[in-house]
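Per-entry structural report
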Amino acid sequence: GAVVSQHPSRVICKSGTSVKIECRSLDFQATTMFWYRQFPKQSLMLMATSNEGSKATYEQGVEKDKFLINHASLTLSTLTVTSAHPEDSSFYICSARVAGSYNSPLHFGNGTRLTVT
Amino acid sequence: SQKIEQNSEALNIQEGKTATLTCNYTNYSPAYLQWYRQDPGRGPVFLLLIRENEKKKRKERLKVTFDTTLKQSLFHITASQPADSATYLCAPLGGDSSYKLIFGSGTRLLVRP
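Residues numbered from 1 in each chain as written. Chains lettered and ligands numbered in written order. Predicted model: local features only at pLDDT ≥ 70, side-chain atom pairs only at ≥ 80, totals over all residues. Heavy atoms only, no water.

Let's shift gears to unusual backbone geometry. Residue and element names in this part refer to chain A. Here the residue pair His 7 and Pro 8 is connected by a cis peptide bond, since its omega of 0 degrees sits within 30 degrees of zero. Assignment of secondary structure puts Pro 8 in the loop between strand 1 (4-7) and strand 2 (10-13). For Lys 41, which is not glycine, the phi torsion reads 60 degrees and is therefore positive. Take Lys 41: it is sitting in the loop between strand 4 (32-38) and strand 5 (44-51). (Helix = DSSP H or I, 4+ residues; strand = E, 2+ residues; numbered from the N terminus.)

Counting residues at the interface gives 20 residues for chain A and 23 residues for chain B. Overall, the association of chain A and chain B removes approximately 1,700 Å² of surface from exposure, summing both partners, and the carbon and sulfur fraction of that is 54%. Summed over the three residues of chain A that lose the most area to chain B, namely Tyr 102, Asn 103 and Asn 110 of chain A, the buried surface amounts to 31% of that side. The interface formed by chain A and chain B holds one salt bridge in total. Counting across the chain A and chain B interface gives seven residue pairs in polar contact (both at pLDDT 80 or more). For the side of chain A that touches chain B, the elements supplying multiple residues, two or more each, are strand 4, strand 5, strand 9 (90-97) and strand 10 (106-108) of chain A. Classifying every residue of the side of chain A that touches chain B gives 10 nonpolar, eight polar and two charged. (Contact = heavy atoms within 4.5 Å. Buried area = accessible area lost by both parts, 1.4 Å probe. Salt bridge = Lys/Arg side-chain N within 4 Å of Asp/Glu carboxyl O. Polar contact = N/O pair within 3.5 Å; in protein donor to acceptor, adjacent residues only side chain to side chain. Nonpolar A, V, L, I, M, F, W, Y, C, P; charged D, E, K, R; others polar.)

The subject of this paragraph is the pairing of strand 5 of chain A. Residues and elements named next belong to chain A. For strand 5, the tally of buried residues reaches seven of eight residues, placing the bulk of the element in the interior. Strand direction decides the pairing type here: strand 4 and strand 5, joined by seven bridges, are antiparallel. Of the residues in strand 5, the one forming a bridge with Phe 34 is Thr 49. Where strand 4 folds back onto strand 5 in an antiparallel hairpin, the turn is made up of five residues, including Lys 41, whose phi is positive at roughly 60 degrees. Where strand 5 meets strand 6 (residues 57-58), two bridges bridge the pair, whose relative direction is antiparallel. Bridged to Thr 49 within strand 6 is Thr 57. Joining the antiparallel neighbours strand 5 and strand 6 is a turn of five residues, in which Gly 53 adopts a positive phi near 80 degrees. (Buried < 20%, exposed > 50% of the residue type's maximum accessible area, 1.4 Å probe, protein only. Pairing = 2+ DSSP bridges.)

And the structure:
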């Protein structure tokens, strides 16, 4: 149980275009989902917390107008990288927690490798 | 500011030995601490959660300790196997940012056959 599906797994786009990444909880409801970014040989950096039916909460230094997050339902959150540039190339990973307890484990998707040329 | 430190150098051990990974944190008062495993190109997978009053916890070949005085957690894998080779991440939870999970930098474990 507790599977998180992330799509696409890889995407290559040209500089200036936008890319949308989907994160779905397949067999549970997630009122909160988290988006992380990971550069090579570095740890996961929390970008934002996505709350169903309300605005996302962004971490300091993360541009909310560049990384648009929408959490329209209890099983789907999307991250859109707008006007992507090569420095946005990274591994983006979403995660979700089963609703109810803040200390329950996070379930992660398998990530999206974004390459901006 | 809050800081989570894990040994950035890879830990290289022989199959069958016990691997011990360290997680130190500062400016935190976590009520829980979670450990995850991450394989290359994949999302992390949850392994264990330990509460501040538990001190130590076991799950099969895994053992975790949580010392709130030292502000440290140790993660042990006994009878290590090459399949245990991965990066291990710790994540304190609780306190000021109780709903967010912030990860340490991770320690890469290599188990030689």
